[in-house]
Amino acid sequence: MKASVRLGKIAGVEIGLHYSWFLVFVLVSWSLAVSFLPDRYPGWSAPTYWATGAVSALLLFVSVLTHEMSHSLVARARGFPVSGITLFILGGVSNLKADARKASDEFAIAIVGPLTSFALAGLLWLVSLALGDGNSPIHATLFYLVLMNALLGAFNMLPAFPLDGGRVLRSIIWAVTGSHLRATRIATFGGQVVGVGMMALGVVQVVWTGNFVGGVWLAFLGWFLQSAAGRSQAETAVESSVSGVRVRDVMDGDPPTIDPGSTIREAVFGRLLRHGARALPVCDGEMVVGLLSLTDVKRLSQDLWSARIVRSEMTAMPLITVGPDHDLAQAMDLLAQNSVHQLPVIEDGRLVGLLSRSHVIQYLYSMKELGIR
Ligand SMILES: [Zn+2]
């Protein structure tokens, strides 16, 4: 999720707000000021209710941020790149670059979030005990934060992928059975069941109790969870159909290449157009020195195509490459994460093929058409 407003860095982690956060901030402050606070703590002035509502809503998001921060810090300590945290309408999301490759990593990164929320709830509860009973804004804010942090921890521990509890469940099944695939199937199924259940509960709430805002909110959360789980399940289907497939099986083993001394005109008319290629590995003898893509060519005005040579326009090494014996699933991650259309396949420094998105799509499509699983 892209942040619309950047807040700065905490411990090297970029913190941002998505524009939908402002909507939920107003909604939470409003519901606190007009309903939750006046019901429990009578007799304050209207500005006091509103100020306490706004401060409590802000501190709620500090709590969410603390929860996300714990995920990010544990992920980073275990060697995963963390690009930042974005707060949005449904809470927070940590932008972690890679999926955990080990069950123990996934377990640790997931469980620390709910544990942090429970710890925060416990800590604030102790403070409120020390403070004793009372009817002040400080009592109200403390009570609200204890409640919300406990709820945040409990909700996230539901065994519903992609919630933390679903990730914990997946890592446990993964560790026990050794099958990432089966673990993901079970955990995403949990996500769909819980998501649909929340949508149904939301509808019930609207129809029977007339709590429109609460019901719609719950249904929206359920829908979000259910669709996220569905997406992960679809990814698993792809993962299972390519499990055991290597790059060598899918790549173009004899891609057209181009000499670094050739002109751009030669590259375009002699290679790119003739072979219907999106990119050409640039080879100096057997060594790959770069990649010339349509994007590189487009940057150059057509009058210069005869005057410029490939070496000056290509994307030079180091490029993102794969080996012929890498898993196809891993290569697909590389294509997606780096937004590239093709990967040169390199063995001992020599070019042995080219893996492009269109190869992968054609491969998957043919598998489906032939009914191969
Ligand atoms: Zn979490």
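Residues numbered from 1 in each chain as written. Predicted model: local features only at pLDDT ≥ 70, side-chain atom pairs only at ≥ 80, totals over all residues. Heavy atoms only, no water.

*Asks:* Just give me the short version of the domain arrangement of the protein chain, but keep the residues and values in it.
*Replies:* Considered domain by domain, the protein chain is made up of domain 1 (5-241) and domain 2 (247-370). Using only C-alpha atoms to locate each centre, domain 1 and domain 2 end up separated by 43 Å. Note on domain 1 versus domain 2: buried area summed over both sides is about 380 Å², and carbon and sulfur give 60% of it. Where domain 1 packs against domain 2, one counts zero salt bridges. (Domains from an automatic or database assignment. Buried area = accessible area lost by both parts, 1.4 Å probe. Salt bridge = Lys/Arg side-chain N within 4 Å of Asp/Glu carboxyl O.)

*Asks:* Residue-level account of the pattern of salt bridges, with values.
*Replies:* Applying the stated criterion to the full structure yields 10 salt bridges. A salt bridge links Arg-246 to Asp-325, with the nearest nitrogen and oxygen atoms 2.9 Å apart. One end of the pair, Arg-246, is in the loop between α7 (212-241) and α8 (247-250); the other, Asp-325, is in the loop between β7 (315-316) and α12 (328-337), with 79 residues separating them in the sequence. Taking the relative accessible area as the measure of exposure, Arg-246 reaches 32% and is therefore partly exposed. Between Arg-248 and Glu-347 there is a salt bridge, with its nearest N and O atoms 3.8 Å apart. Taken as a pair, Arg-248 in helix α8 and Glu-347 in strand β8 (residues 342-347) lie far apart in primary sequence, 99 residues in all. Its relative accessible area of 27% is what places Glu-347 among the partly exposed residues. (Helix = DSSP H or I, 4+ residues; strand = E, 2+ residues; numbered from the N terminus. Buried < 20%, exposed > 50% of the residue type's maximum accessible area, 1.4 Å probe, protein only.)

*Asks:* Any chance you could break down the coordination of the zinc ion for me, citing the residues and the numbers?
*Replies:* The zinc ion binds to the protein through His-67 (NE2), His-71 (NE2), Asp-164 (OD) and Asp-164 (OD); the donor distances cover 2.0 to 2.7 Å. What the four donor atoms of the zinc ion show is an angle range of 53 to 149° at the metal, which sorts the shape as irregular. Within one chain, the residues donating to the zinc ion are spaced in sequence as H-x3-H-x92-D. Taken together, the positions of His-67 in helix α2 (residues 46-77) and Asp-164 in helix α5 (residues 164-177) put the pair 97 residues apart, joining distant regions of the chain. The exposure classification of His-67 matches that of Asp-164, with both residues buried. (Donors = N, O, S within 2.8 Å, 3.2 Å for Na, K, Ca; no water. Tetrahedral: all angles 85-135°; square planar, octahedral: opposite > 155°, others 65-115°.)

*Asks:* I'd like a rundown of the nonpolar core, residues and numbers included.
*Replies:* Most often, soluble globular proteins keep nonpolar side chains buried together rather than apart. Counting 34 residues, the largest nonpolar core has Trp-21, Val-28, Leu-37 and Leu-87 as its most contacted members. Taken together, the elements giving at least two residues each to this core come down to β2 (13-17), α1 (20-40), α2, β3 (82-88), α3 (103-131) and α4 (137-156). A per-element tally of this core places α2 first, with eight residues. Counting residues in each nonpolar core, the second largest holds 15 residues, with Met-251, Leu-335, Leu-343 and Val-360 among its members. (Core = buried A, V, L, I, M, F, W, Y, C linked by side-chain atoms within 4.5 Å.)

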